[in-house]
Amino acid sequence: MAAAAGAFSLREVLSAFQAAVTERREVLLGPYLRGWRGLVRFLNSLGAIFSFISKDAVAKIQIMESYCGGERREEYRTLQSMVAYELASGLVDIQRRSEHPDSGCRTVLRLHRALRWLQLFLEGLRTAQEDSKTSTICTDSYNASLAAYHPWVVRKAATVAFCALPSRNAFLEIMNVGTPEEAVVMLGDALPHISSVYGITEELYAQHKLLNLP
Ligand SMILES: CCCCCCCCCCCCC/C=C/[C@@H](O)[C@H](COP(=O)(O)O)NC(=O)CCCCCCCCCCCCCCC
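Since the structure is predicted, the reported quantities are computational estimates derived from the model, not experimental observations.

Conventions used here
Every residue gets a number counted from 1 within its own chain, in the order that chain's sequence is written. Two thresholds apply to this predicted model, a pLDDT of at least 70 for residue-level local features and 80 or more for giving and counting side-chain atom pairs, whereas whole-chain, interface and lining totals are computed over all residues. To obtain the side-chain values, all non-hydrogen atoms of the structure were included, while hydrogens and water were left out. We call a residue buried when its accessible area falls under 20% of the maximum for its residue type, exposed when it is over 50%, and partly exposed in between, using a 1.4 Å probe and counting protein chains only. Elements are defined by DSSP. Helices are runs of H or I of four residues or more, strands are runs of E of two residues or more, and each kind is numbered from the N terminus. Summarising the geometry, the arc corresponds to the directions from the helix axis toward the C-beta atoms. Whether two residues are in contact is decided by their heavy atoms: any pair within 4.5 Å suffices. N or O atoms within 3.5 Å of each other form a polar contact, as long as, within protein, one can give a hydrogen and the other can take it, and as long as residues adjacent in sequence are counted only when both atoms are side-chain atoms. Here, proximity means that at least one heavy atom of the residue falls within 4 Å of the molecule or strand. Accessibility throughout is a Shrake-Rupley quantity obtained with a 1.4 Å probe, and a residue counts as covered only by protein chains that appear here. When residue character is reported, Ala, Val, Leu, Ile, Met, Phe, Trp, Tyr, Cys and Pro are called nonpolar, Asp, Glu, Lys and Arg charged, and the others, Gly included, polar.

(A) Structural view of helix α1 (residues 10-19). Taken residue by residue, α1 has Leu10, Val13, Leu14, Ala16 and Phe17 as its buried positions. The arc that holds every buried residue of α1, seen down its axis, measures 130°, which confines them to one face. The inward-facing, buried residues of α1 contact α2 (29-44), α5 (104-127) and α9 (180-207). The N-terminus of α1 is capped by Ser9, whose side-chain oxygen sits 3.1 Å from the backbone nitrogen of Arg11.

(B) How the structure looks around the site of the ligand. Around the ligand, a shell composed of 24 residues is seen, among which Leu10, Asp56, Lys60, Arg106 and His150 lie nearest. Between the ligand and Arg106, the relevant distance is 2.9 Å, taken from an oxygen atom to a side-chain nitrogen or oxygen of the residue. Measuring from an oxygen atom of the ligand, one finds a side-chain N or O atom of Arg110 at 3.0 Å. Expressed as a share of its isolated accessible area of 930 Å², the protein-covered part of the ligand is 90%. Those elements that place two or more of their residues in the shell around the ligand are α2, α3 (51-68), α5 and α7 (152-162). Its residues assigned to classes, the shell around the ligand comprises 19 nonpolar, one polar and four charged.

(C) Quick peek at the environment of Lys60. Among the structural elements, Lys60 can be located in helix α3. Looking at Lys60, the relative accessible area reads 13%, which means it is buried. Taking the C-alpha atoms as reference points, Lys60 and Arg110, 50 residues apart in sequence, are found 8.2 Å from one another. If near-sequence neighbours (up to four positions away) are discounted, Lys60 is found in contact with Arg106, Thr107, Arg110 and Leu111. In this structure the side chain of Lys60 is engaged in a polar contact, spanning 3.0 Å, whose partner is the side chain of Asp56.

(D) Just unusual backbone geometry, in detail. Residues other than glycine seldom take positive phi values, yet Asn176 does so here, at roughly 60°. On the accessibility criterion, Asn176 (22% relative accessible area) is partly exposed. Look at Lys209: it is not a glycine, yet its phi comes out positive at around 55°.

Structure representation (structure tokens):
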């Protein structure tokens, strides 16, 4: 069944990541955060068991939105300008979270690590057998990415929540993109854009030695 006009579809959400990359390979924070907002909306539709995850994501999105709408909004237009501004102004805690616990650099780093999970998860979903379990795809993607940064208790809670995920086909249908086959095609189109955002961010952070910010 095709997505009803105006209905929430993951297609628009994922295309926000396409809009986030400019010709000069800059990452625009506006579309990047819109993409995250849409993902959280989708996550909320999966049930209250995921609310501890969406709350943390929303808190981080809100921190970034306040920078992007604040006095220094010009500096927060792109990821590149944000990194340059915060580093030049001494606004990033490098060793320990102290004076600037919520810098844009450390906040985006958390979302960036979660984007790696998303990349692996969507690729897993796209290429898995029809009868595969979404919970297994999700757990494998999580263990290969975000889990390394989370304490035991968070890993445990996340793994329990994943068990509540619907089957692969049901999951593809609630994405509201059309049939499971159409959703698979859409994922194939969307993934290169997510990979591109991920790759540019990873390169930028590595260049400035920001990949381990506390
Ligand atoms: C579809 C199932 C969704 C599973 C989501 C997988 C990610 C699991 C993340 C578990 C995070 C638990 C909450 C706590 C995290 C924080 O400790 C931790 C560190 O923050 P801190 O340094 O400020 O303390 N925060 C983080 O790592 C950021 C996590 C952000 C997670 C955003 C996840 C959004 C998921 C969107 C799902 C959409 C699925 C779409 C598929 C087509």
